[in-house]
Amino acid sequence: MTSRLLIVGPGFVGSAIAQEALAKGWAVRCLSRRGVPHSPGAAWASEVEWVKGDACDAGAYEKALEDVQALVCAVGSPPLPDLISDKATALRMNGDANATALAEAEARGVSRAVLVSAQMPSALASVSSGYFEGKMRAEKAAEGFAASAVERSAVVLKPGAVSGARTVSTPIGNVSIPLNLALGPVSFLAKAMPSAIAENAPVPLGNVARAALAGLSEERFAGAFSVIANSELLADFGAAKK
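In this text, all values refer to a predicted model and were calculated from it rather than measured experimentally.

**Concerning the overall build of the chain**
In step 1: If you tally the helices and strands in the chain, you get eight helices and ten strands.
In step 2: Sequence separation of at least 24 residues holds for 71% of the intrachain contacts in the chain that already meet a minimum separation of 6.
In step 3: When the accessible surface of the chain is totalled, it reaches about 10900 Å², and 56% of it is carbon and sulfur.

Here it is in structure tokens:
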């Protein structure tokens, strides 16, 4: 029987995980506010079942988690400084949305979960407190998910930043735009902190996607709570190490 995966937050990282899962034979369902892909013309998107709903709404999971065996939580917002961002929104996006998905998955008997979090220098935690506290809230929820039953597992991915190309829709069609999506510190802040550069070197998007699928399927992660740090994402999940 084909295993079914629910991805909550199919954005830049979530979409890459969806494509990796499809390539490995998973049936993929995505929950998003619009219930449609960000890039409707992408070939892989037609292979996914799309469900419309708010990740913070427990009721959205009644349909989204039907016949699902594994979960990926990839909801998040950028680590904007508190001075120019709303802390409540940052907490909701980075913490509550993912924690709700994990709680609902636990209640419905899902056995494996992956949370896309971030590695962030402690010196920057006070600068973007809503982002940091939200990520910690989600990680605590993932740990609780794994501890709720002996057969459950949760893997937390902690990239410092993710590099890759994002496909966006334009009036002339889909366009691929190279970028770094700062899941951890924004690059100019990292450059101001030499000790943080190596710890938070950008991780290729493909590495994150491969690590997520490993967390959902490999025996070494079964029945436990695991954290894959930025350095491990760089060293252990390159294209040659599929």
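**Topic: the packing of aromatic side chains**
In step 1: Applying the stated criterion across every chain yields a total of one aromatic pair.
In step 2: Measuring from ring centre to ring centre gives 6.1 Å for Trp-44 and Trp-50, while their planes differ by 45 degrees; the resulting arrangement is tilted. Here Trp-44 matches Trp-50 in class, with each residue buried.
In step 3: In this arrangement the basic side chain of Arg-152 is found over the ring face of Phe-145, its NZ or CZ atom lying 5.4 Å from the centre.

**Focus: unusual backbone geometry**
In step 1: Positive phi, close to 60 degrees, is recorded for Asp-67, a residue that is not glycine.
In step 2: Of note, Asp-67 is situated in the loop between helix 2 (61–64) and strand 4 (70–73).
In step 3: Since its relative accessible area comes to 55%, Asp-67 is described here as exposed.

**A few points about the nonpolar core**
It is characteristic of soluble globular proteins that their nonpolar side chains tend to be buried jointly.
In step 1: Residues Ile-17, Val-28 and Leu-157 are the most contacted members of the largest nonpolar core, which totals 38 residues.
In step 2: Of all the elements in the fold, those that place two or more residues in this core are strand 1 (4–8), helix 1 (12–23), strand 2 (27–32), strand 4, strand 5 (112–116), strand 6 (153–158) and helix 7 (205–217).
In step 3: In terms of residue count, the dominant contributor to this core is helix 7 (eight residues).
In step 4: Filtering out sequence-adjacent residues up to four positions away, Leu-157 remains in contact with Val-114, Leu-115, Val-116, Ser-117, Ala-118, Val-208, Ala-211, Ala-212, Ile-228 and Leu-233.
In step 5: Tyr-61, Leu-65, Leu-102 and Ala-142 belong to the second-largest nonpolar core, a separate cluster that totals 26 residues.

**Section: the sheet that holds strand 6**
In step 1: In spatial order, the strands read 3-2-1-4-5-6-10; together these seven strands make up an open sheet with parallel pairing. Two strands close off the open sheet at either side, each with one partner strand: strand 3 (49–52) and strand 10 (225–229). Each strand axis lies, on average, 15 degrees off the axis of its neighbour in the sheet, ignoring direction.
In step 2: For strand 2 and strand 3, the ladder comprises four bridges, and the chain directions are parallel. Residue pairing for strand 3: Ser-32 is matched across the bridge by Lys-52.
In step 3: Most of the contacts of helix 1 go to strand 1, to which it runs at about 170 degrees, and overall it touches strand 1, strand 2, strand 4 and strand 5.

**A few points about the environment of Phe-12**
In step 1: Along the chain, Phe-12 turns up in helix 1.
In step 2: For the pair Phe-12 and His-38, spaced 26 residues apart in sequence, the C-alpha to C-alpha distance is 9.1 Å.

**Considering the pattern of salt bridges**
In step 1: Applying the stated criterion across every chain, the model contains ten salt bridges.
In step 2: For Glu-133, the salt bridge is made with Lys-87, and the minimal N-O distance between the two is 3.2 Å. Of this pair, Glu-133 sits in helix 4 (residues 129–147) while Lys-87 sits in helix 3 (residues 87–107), and the two are 46 residues apart along the sequence.
In step 3: For Lys-87, a relative accessible area of 34% corresponds to the partly exposed category.
In step 4: A salt bridge links Glu-139 to Lys-158; the nearest nitrogen and oxygen atoms lie 3.3 Å apart.

**Overview of the confidence of the model for the chain**
In step 1: Confidence along the chain averages 87 in pLDDT terms, with 84% of residues attaining 70 or more.
In step 2: In the predicted structure, residues 168–178 sits below a pLDDT of 50 and forms 24 contacts with residues beyond four places in sequence or in another chain.
In step 3: Segment residues 180–192 is flagged for pLDDT under 50; beyond a separation of four residues in sequence, or across chains, it makes 36 contacts in the model.

Definitions and cut-offs
Residues numbered from 1 in each chain as written. Predicted model: local features only at pLDDT ≥ 70, side-chain atom pairs only at ≥ 80, totals over all residues. Heavy atoms only, no water. Helix = DSSP H or I, 4+ residues; strand = E, 2+ residues; numbered from the N terminus. Contact = heavy atoms within 4.5 Å. Areas by Shrake-Rupley, 256 points an atom, 1.4 Å probe, with all protein chains shown as cover. Phe/Tyr/Trp six-rings, centres within 6.5 Å; stacked < 30°, edge-to-face > 60°. Buried < 20%, exposed > 50% of the residue type's maximum accessible area, 1.4 Å probe, protein only. Lys NZ or Arg CZ within 6 Å of the ring centre and 35° of its normal. Core = buried A, V, L, I, M, F, W, Y, C linked by side-chain atoms within 4.5 Å. Pairing = 2+ DSSP bridges. Axes fitted to C-alpha atoms, helices over the stretch in contact; angles between N-to-C directions. Salt bridge = Lys/Arg side-chain N within 4 Å of Asp/Glu carboxyl O. pLDDT = per-residue confidence, 0-100.

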